[in-house]
Amino acid sequence: MRTFEEYRQMTEEALLPALSSLGDIPPLLLEAMEYSLKAGGKRIRPVLLTAACEMAGGSAGDAREFACALEMIHTYSLIHDDLPAMDNDDLRRGRPTNHKVYGEDMAILAGDGLLNAAAELMLRSAAETGDLRRVKAAEIILRHAGVTGMIAGQTEDITSEGKTPREETVRRIHEHKTSELLEAAVEAGLALGGAGEKEISAGHEYALHLGLAFQMTDDLLDVTGDTSQLGKHPGKDQEQHKMTWIALRGVEGTAEDARKEVRAACEALEQLPWDTAFFSDFAESLLGRNM
Ligand code: GRG
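The following paragraphs examine the structure supplied in this document.

Reading guide: rules and limits
- Residues numbered from 1 in each chain as written.
- Predicted model: local features only at pLDDT ≥ 70, side-chain atom pairs only at ≥ 80, totals over all residues.
- Heavy atoms only, no water.
- Near = heavy atom within 4 Å.
- Polar contact = N/O pair within 3.5 Å; in protein donor to acceptor, adjacent residues only side chain to side chain.
- Areas by Shrake-Rupley, 256 points an atom, 1.4 Å probe, with all protein chains shown as cover.
- Helix = DSSP H or I, 4+ residues; strand = E, 2+ residues; numbered from the N terminus.
- Nonpolar A, V, L, I, M, F, W, Y, C, P; charged D, E, K, R; others polar.
- Axes fitted to C-alpha atoms, helices over the stretch in contact; angles between N-to-C directions.
- Parallel < 35°, antiparallel > 145°, perpendicular 65-115°, else oblique.
- Contact = heavy atoms within 4.5 Å.

This next bit is on the site of the ligand. Taken together, 19 residues lie around the ligand, and Lys42, Arg45, His74, Asp81 and Arg93 are the ones closest in. With respect to the ligand, the side chain of His74 contributes an N or O atom lying 2.7 Å from an oxygen atom. Against a free-state accessible area of 720 Å², the protein chains account for coverage of 91% of the ligand. For the shell around the ligand, the secondary-structure elements that each account for two or more residues are helix H3 (44-55), helix H4 (60-82), helix H7 (150-160), helix H8 (167-192) and helix H9 (197-224). Looking at the shell around the ligand, the element that brings in the most residues is H4, giving six residues. The residue inventory of the shell around the ligand, partitioned by class, reads five nonpolar, seven polar and seven charged.

This part covers the packing of H3 against helix H13 (residues 277-285). It is at 10 Å that the axes of H3 and H13 come closest, and there the two elements cross at 155 degrees. Considering their axes alone, H3 and H13 lie roughly antiparallel with respect to each other. Residues Ile44, Val47, Leu48, Ala51, Ala52 and Met55 of H3 lie in contact with H13, whose contacting residues are Phe278, Phe279 and Phe282. Looking at the contact of H3 with H13 residue by residue, the class counts come to nine nonpolar, no polar and no charged.

Note that Leu220 resides in helix H9. Once the C-alpha coordinates of Leu220 and Val251 are considered, the two residues, 31 residues apart in sequence, prove to be 6.6 Å apart. Apart from residues lying up to four places away in sequence, Leu220 is in contact with Gly225, Ile246, Val251, Thr254 and Ala255.

Written as structure tokens, this is what we have:
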């Protein structure tokens, strides 16, 4: 198995060429899309997708377009989330947000463009190869990113602002907003590698708990982190009266819950017939994250 850094490097090399491979994109639109794509995210989702594909017996090449597509979808969601009409942020990935540089009109189009480019890349690769595993992976990714997935989570997040936090609401928001794209990564990677439904379902379970742990540690960093490490402004959740784990459980309670979710994620891996150390190590590493 490769290291996280090796998978991350593969994503870095593939991302911009994948976008350009779609053809002539108006220069300003391309620049705005590339601005956010190049801004240096951690690339967690494409890394997990490619590692899951290889674990299940596929190759990194089988995963390439899908890994890029998923990072494009994630990046679009950040661009749109930062807009004044949503979270209204001016810093992301250590740089001014997309609309601060290109204006709201171009930021909306850059987000739309990345989402569409992702669908196009995945379906082109499925159509060119006739590989049903690719059709399945595209369906998995678009569903988790879609109106029953991440967009549903964002909707509930927005409509819950300022309300008294309740555990089931906080959990549901984060299952949709955060876990869904991690589920997309692991499930699509497994599908591309040829895994069956039982393995994909165990992968789903892992990523669901991983996402909750990720969000809990994100909420902790919003309280304890600093701008230079995070690349975004901490303290925004409280300012906007968001339904966070901190609001519900406090700092200690959130840290304890994050440890429980990491344990649950690792337990789900026990159902898989392969060496899953990469995935358990990644889950454990969240507990020490500082960015
Ligand atoms: C606009 C439809 C729509 C959805 C937006 C992504 C999102 C949903 C909101 C952003 C805020 C947030 C707390 C999302 C939860 C997931 C999350 C913690 C994203 C940040 O992911 P990282 O840390 O980011 O992997 P990088 O920049 O490293 O890629």
